[in-house]
Structure formats: structure tokens, C-alpha cells
Amino acid sequence: MTKSLISPVIVSFVLASVLSLAVFAPAARADETRPTPIWAEQSILVGQSTAALVTGHTRRAIRLASSAVDRVTGHDRIVALHNLCLAWLKHGEQNTASGYCDAAVRDIAENPQLDRVVRANISAAQRTLLAQAAETARN
């Protein structure tokens, strides 16, 4: 039973890691910033939400992270909140994203090694959203 559970987890992790190399490669334009993927420690749902976010499937990332956020704790909860924040920001839903962004930053106190990357990813996503809004307003 353990063997059948581990195999899909390992396959998902390897696939997501390979995909992240392609998606999170250096941006073509200097003003583009790509977030650093943060992987789950134990939760398959959170790992799948990161993989969905990395591959641009933000609705799937939202669904998976939403399913996991109340079931997980510690590192995996921070990653789920982080993924919800970034996915909603990508959809231009700043009000929805705000609560998840705030919760992720608040929960970092429990896991300080995530502090730099979570804050950097959230800041970059918010800057991108503001830049897009400014561009839209100019046109």
C-alpha cells in the first residue's frame, strides 16, 4: 500500500520540478518577474496546487489549495495560502487575494525559512498586477 502511495507522489514531484524549470526560467523581458515555486512537505493537494500554479493552471491551483488550506498546518498551510494569494492576484482579484496574502505572511512566523521567498513572490505578483492596471488605464 505504501508503495502505490509513494509512486504517484514521487512522479508528481518530479514532473512538477521539471515543469518549474521551464516555467520559472529567467524572464524574456527585464521587467517580468516570475515567482519561485514553493513545494509542499507532506500534502499531495498542496503539491498539486503548486504544480498547477507553475504550469499556469491557476483555477486548478485555486481549487486544490482551497481544498487543502483548512486541512493542513505549518509549512504546507503557508504554501497553500501563498498559492491562493498568487493565483487570485494572477486573475486580477486583488480583494480576494488580499486575505490569503495577509494570512501567508502572518503564518510565516511559524516557519521563518519561508519568509524571504513568500514575501518576494507576493510583492512581485502585486507589482505585476499594479503595472498591468497602469497599462490598462493608459490605453
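So, here is what we can say about the structure in this document. Everything numeric here is computed off the predicted structure, so don't read it as measured data.

1. Focus: helix H2 (residues 44–54)
In terms of residue burial, H2 counts as a mostly covered element, since 8 of its 11 residues are buried. Listed as buried for H2 are Val46, Gly47, Ser49, Thr50, Ala51, Ala52, Leu53 and Val54. Its side-chain oxygen placed 3.4 Å from the backbone nitrogen of leucine 45, serine 43 serves as the N-cap of H2. A positive phi of about 85 degrees marks glycine 56, the residue just after H2.

2. A look at helix H3 (residues 58–69)
Counted at 1.5 Å a residue, the expected span for H3 with its 12 residues is 16 Å, and the 16 Å between its end C-alpha atoms agrees. Structurally, H3 contributes buried residues whose contacts are with H2 and helix H4 (74–90).

3. Here's the deal with the packing of H4 against helix H6 (residues 115–138)
H6 packs onto H4 with a crossing angle of 10 degrees between their chain directions and a minimal axis gap of 9 Å. As judged from the angle between their axes, H4 and H6 are roughly parallel. In this structure, H4 contributes Ile78, His82, Cys85, Leu86 and Leu89 to the contact, and H6 contributes Val118, Asn121, Ile122, Ala125, Gln126 and Leu129. Along the lines of polarity and charge, the residues of the contact of H4 with H6 split into 8 nonpolar, 3 polar and no charged.

Criteria and cut-off values
All residue numbers refer to positions counted from 1 along the written sequence of the respective chain. Selection of residues for local features in this predicted model requires a pLDDT of at least 70, selection of side-chain atom pairs for listing and counting requires 80 or more, and totals for whole chains, interfaces and linings are taken over all residues. As a convention, hydrogens and water are excluded, and side-chain values are obtained from all of the structure's heavy atoms. Per-residue accessibility, obtained with a 1.4 Å probe over protein chains only, is compared with the maximum for each type, and a residue is labelled buried under 20%, exposed over 50%, and partly exposed between these values. Only runs of H or I of at least four residues qualify as helices and only runs of E of at least two qualify as strands under DSSP, and these elements are numbered from the N terminus. Contacts described as polar in this section are N or O atom pairs within 3.5 Å, which, within protein, must combine one atom able to donate a hydrogen with one able to accept it, while residues neighboring in sequence count only if both atoms come from side chains. Expected helix span is computed as 1.5 Å times (number of residues minus one). In what follows, a contact means two residues having at least one pair of non-hydrogen atoms within 4.5 Å. The convention used is that axes are lines fitted to C-alpha atoms, helices contributing only their stretch in contact, and that angles between N-to-C directions extend from 0 to 180 degrees. Any angle that falls under 35 degrees is termed roughly parallel, while one over 145 is termed roughly antiparallel, one within 65 to 115 roughly perpendicular, and all others oblique. Basically, the charged four are Asp, Glu, Lys and Arg, the nonpolar ten are Ala, Val, Leu, Ile, Met, Phe, Trp, Tyr, Cys and Pro, and anything else, Gly included, counts as polar.

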